[in-house]
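Fold and geometry: a report
Letter by letter, the chains look like this.
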Amino acid sequence: MNYAAQLAMTLPEVVLSLGALALMLVAAWSGPNATRAISWAAVAVLAGACVALVGPATSGGSAFDGMYRADAFAGFAKTLIYVAAAVAILLAPGFFQRTAGDDLRPEYPVLILLSAVGMGIMVSAADLLTLYVGLELQSLAAYVLASFMRRDARSAEAGLKYFVLGALASGILLYGISLVYGFTGSTLFDEIAGAYAAAPLAGSTKSLGLMFGLVFVFAGLAFKISAVPFHMWTPDVYEGAPTPVTAFFATAPKVAAVGLALRVAITAMGPAAEQWRQIVIFAALASILLGAVAAIGQQNIKRLLAYSSINNVGFALIGLAAGTPEGVAAVLAYMAIYIAMTLGSFLVVLQMRDTDGQPIETIASLSGLSRTRPALAFGLAVFMFSLAGIPPLFGFYAKFAVFYAAVQAGLFPLAVFGIAFSVIGAYYYLRVVKTMYFDEPAGEYGPGDRLEGGLIVATAAIVSPLGYLAIPLLTAWTMAAAKALF
C-alpha cells in the first residue's frame, strides 16, 4: 500500500496534528490576546477531524505494516472523543475569565488537540508500540492540563499526583508489554492473538509468561480508565484540576482508554478471554461498589462526580466481561450516553459560582436551588437521575444494555450483582436531588452563562426520554463498530 493511501487512513490525526502545530505558532506570535480566536479555530480543527472520519479513516483497512487500524470501531470512538474535546475547549474561556488570578493561555486548546491526537492513535492502535505512543501523547498533555492554573495550589497538586501515578502506571503497562513481546515475539495484535491461541495458559514457562504479561497489561489499562484498584488518583485530580479540564478528563480520555481496553482484550488477547474475564469481572464489581460507597460521604461535587466516574466504568466493564459483539456494542452505547450525562453534570458545576464569579464546589451550596434557580436544579436532577439509571431517562437504557449483554453471554450472576450494587449508588445521586429540592436555600449563585446554559439544555435533551428515539441509529452504529473488532 502506498503512503498516500496510508495517510488517508490517518487523516483525522493528520488534520489534528497540523492544526495543533499551526495554532501553536499563532499562539507563540500573538500571545494571550489571541486565545479566544485560537480556541474557536481549535474547535474548527476538531470539526474538520470529524469530517475526515468519513472515507478511508473508517474503511476497515490497516496502515503502516498493520500497526494502525482504520475501522468503524475507531471511527465511533473518535467521534465521541472529538465532541467532548470541543466542548472542553468552549467551556474554558468563560471559566478562566471569571476565575481571579489566572487568565486562559492560548496553549490550552493546543494541548487539547495534541491530547486528541494521542487518543485517536490509542483507539486505532493495532500494535503495542502504537498503543504506547498514543497513550503517552495523551497523558503528557493531560499532566499539563491538570496543573494549568499555575497560581492555584490544588491544580499544581493535581498535576503532580497525576504525573507521578501516571508514570507508575506506564511502567506497569510497559512491563506487561515487554513480557508479551518476550513470549510471543511480536508486538502486532494479530500475531499476539495467534500466540495466545497456540499456547494454552497452563503448564509451561511460556504460558506463565503470557499470563503475567496479560495481568500487567490489564493493570496498566485499569489505571487509565480509573478502575478499582487503580482508581486512587481520580478524586484528587478531578477536584484539583480546573473544572473544564475535569470535564475533559471525565469524558474524552475515558472513552479512549475504554476503547483501547476493548481492542486489546478482543483483538490481541481474545483467545485468552477466560483469563482476562476474571480480572474484568473483579474490576467491574469492585469499581461499582467502591464508587458507590466512597461517594456517600463526599462534600465536594467534583469529588462526588469522580467517584461517579469510577462507578460508571464498572458498569461499562460488565459489557466487556461478556466478550461478545453485543457486549462491546453495549459498552460503546454506554460510553456515548455517559459522555452526555457527565458533560451535563459538569456544565452545572460550572454554573455553581458566587456573585463575584468564583467557583463554589460544595454540595451544601446546592441547598434550595429549586427555589433560587429552578431551571438549573431541574437540569442537575435530570443528570443525577440518569446517572443513577432511573427510568425513563436515557441512563437507564445504558445500564440495561450492558446487563442484557452479560445475561446473553451466560454471566447472569454478574448482572444480578451489578443491579444490586447500582441500588447503593442511587443513594448519593438522590442525596444531591434532595439537597436541591428539600433543604433551605443556602444563598444565591451568580448569573448564568448563555453558552453553558445552551449546552446544559442540549445534553439534558439527549439524556431525557427523547434519547430513546436515537436507539435504532445508536444500535446500528455501535453494532457495526463492535463487529469491526471480531
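Residues numbered from 1 in each chain as written. Predicted model: local features only at pLDDT ≥ 70, side-chain atom pairs only at ≥ 80, totals over all residues. Heavy atoms only, no water.

Taking an unreviewed UniProt entry as the reference, the chain is identified by name as NADH-quinone oxidoreductase subunit N belonging to Sphingomonas lycopersici. Recorded under Subunit (unreviewed entry), the UniProt text for the chain is reproduced unchanged: "NDH-1 is composed of 14 different subunits. Subunits NuoA, H, J, K, L, M, N constitute the membrane sector of the complex." In its Sequence similarities (unreviewed entry) section, the UniProt entry covering the chain states "Belongs to the complex I subunit 2 family." (UniProt positions renumbered as here; feature names shortened; annotations may be inferred.)

In terms of nonpolar packing, the biggest core is built from 180 residues, with Phe249, Met269, Trp276 and Leu366 touching the most fellow members. Top element by residues in this core is helix 15 (residues 325-351). It accounts for 20 residues. Those residues in contact with Phe249, other than ones at most four positions away along the chain, are Ala142, Leu145, Ala146, Tyr162, Val237, Tyr238, Ala241 and Lys254. (Core = buried A, V, L, I, M, F, W, Y, C linked by side-chain atoms within 4.5 Å. Buried < 20%, exposed > 50% of the residue type's maximum accessible area, 1.4 Å probe, protein only. Helix = DSSP H or I, 4+ residues; strand = E, 2+ residues; numbered from the N terminus. Contact = heavy atoms within 4.5 Å.)

The subject of this paragraph is the layout of surface pockets. Roughly 480 Å³ of internal volume is contained in the largest pocket. Of all elements in the fold, only helix 4 (72-98), helix 15, helix 20 (450-463) and helix 21 (471-483) reach the threshold of two or more residues within the lining of the largest pocket. For the lining of the largest pocket, the leading source of residues is helix 15, giving 6 residues. Its residues assigned to classes, the lining of the largest pocket shows 18 nonpolar, 3 polar and no charged. Of all the elements, helix 18 (residues 394-408) adds the most residues to the lining of the second largest pocket, at 6 residues. Partitioned by chemical class, the residues of the lining of the second largest pocket number 10 nonpolar, 3 polar and 1 charged. (1 Å grid on protein atoms, 1.4 Å probe; cavity = no way out; pocket = protein on both sides within 12 Å on 5 of 7 lines; lining within 4 Å. Points joined across faces, edges and corners; volume = space filled by probe spheres on them. Nonpolar A, V, L, I, M, F, W, Y, C, P; charged D, E, K, R; others polar.)

Secondary-structure assignment places Ile471 in helix 21. The exposure class assigned to Ile471 is buried, which follows from its relative accessible area of 18%. For Ile471 and Ala333, which are 138 residues apart along the polypeptide, the C-alpha to C-alpha distance reads 9.2 Å. Those residues in contact with Ile471 that sit more than four places away from it in its chain are Phe394 and Tyr397.

What follows covers empty space enclosed by the protein. If you roll a probe as big as a water molecule over the atoms, it shows you where there is empty space left. For the structure on display, the rule yields 6 cavities of 30 Å³ or more. Reported here for the largest cavity is a volume of approximately 120 Å³. Lining the largest cavity are 13 residues, with Gln138, Tyr162, Lys224, Trp233 and Pro253 positioned closest to its centre. Counting only elements with at least two residues in the lining of the largest cavity, the list comes to helix 6 (128-146), helix 9 (205-224) and helix 12 (252-268). Residues that form the lining of the largest cavity fall into these classes: 9 nonpolar, 2 polar and 2 charged. Empty space within the second largest cavity amounts to approximately 100 Å³. Contributing to the lining of the second largest cavity are Phe218, Leu221, Ala222, Ile225, Ala227, Ala261, Ile279, Val280, Ala283, Leu317 and Leu320. At the level of elements, helix 9, helix 13 (273-295) and helix 14 (301-322) are the ones that each hand at least two residues to the lining of the second largest cavity.

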